[in-house]
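In case you want the letters, here they are:
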Amino acid sequence: MKKLLTYLLLFPIYFYRNCISPFTPPSCRFTPTCSQYAIEALKKHGPFKGMYLTIRRLLRCHPWGGSGYDPVP
């Protein structure tokens, strides 16, 4: 059940990376990018903690937030 939920959460990220992201300029403040971070977090920690880490990372992505290297814990 966990794997199924993880794959369901990964599908929109892959859709964004392949269909939407190529048409927008690169503007990510962090390395790895937020979408790559989300993929790694979901695969490493599962659907619940992975989504928590992803949402926390997205909330830090604003003009007054940090930048630089921010790996998945």
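Owing to the predicted nature of the structure, the values given are computational and were not obtained by experimental measurement.

Definitions and cut-offs
Residues numbered from 1 in each chain as written. Predicted model: local features only at pLDDT ≥ 70, side-chain atom pairs only at ≥ 80, totals over all residues. Heavy atoms only, no water. Helix = DSSP H or I, 4+ residues; strand = E, 2+ residues; numbered from the N terminus. Expected span 1.5 Å × (residues − 1). Buried < 20%, exposed > 50% of the residue type's maximum accessible area, 1.4 Å probe, protein only. Core = buried A, V, L, I, M, F, W, Y, C linked by side-chain atoms within 4.5 Å. Contact = heavy atoms within 4.5 Å. Bend = angle between axes of the 7 residues up to and from the residue.

Enquirer: It is not clear to me how helix H1 (residues 2–20) should be interpreted in this structure. Could you clarify?
Expert: Each full turn of the α-helix corresponds to 3.6 residues, which orients residues three or four apart in the same direction. Here H1 spans 27 Å end to end across 19 residues, near enough to the 27 Å set by a 1.5 Å rise per residue. Taken together, the buried positions of H1 are occupied by Thr 6, Leu 10 and Ile 13.

Enquirer: Would you mind showing me how to read the nonpolar core here?
Expert: Proteins that are soluble and globular tend to have nonpolar side chains buried together. In this structure, Leu 10, Ile 13, Ala 38, Ile 39 and Leu 42 together form the largest nonpolar core, which totals 5 residues. Elements with a contribution of two residues or more to this core: H1 and helix H2 (34–60). Contact partners of Ile 39, with chain neighbours within four places excluded, come to Leu 10, Ile 13, Tyr 14 and Arg 17.

Enquirer: Even after reading the chapter, I still don't get H2, so can you show me in this structure?
Expert: For H2, with 27 residues, the first-to-last C-alpha span of 10 Å runs short of the 39 Å given by 1.5 Å per residue. Where H2 bends most, at Gly 46, the angle is about 135°, and the proline Pro 47 comes one to four residues later.

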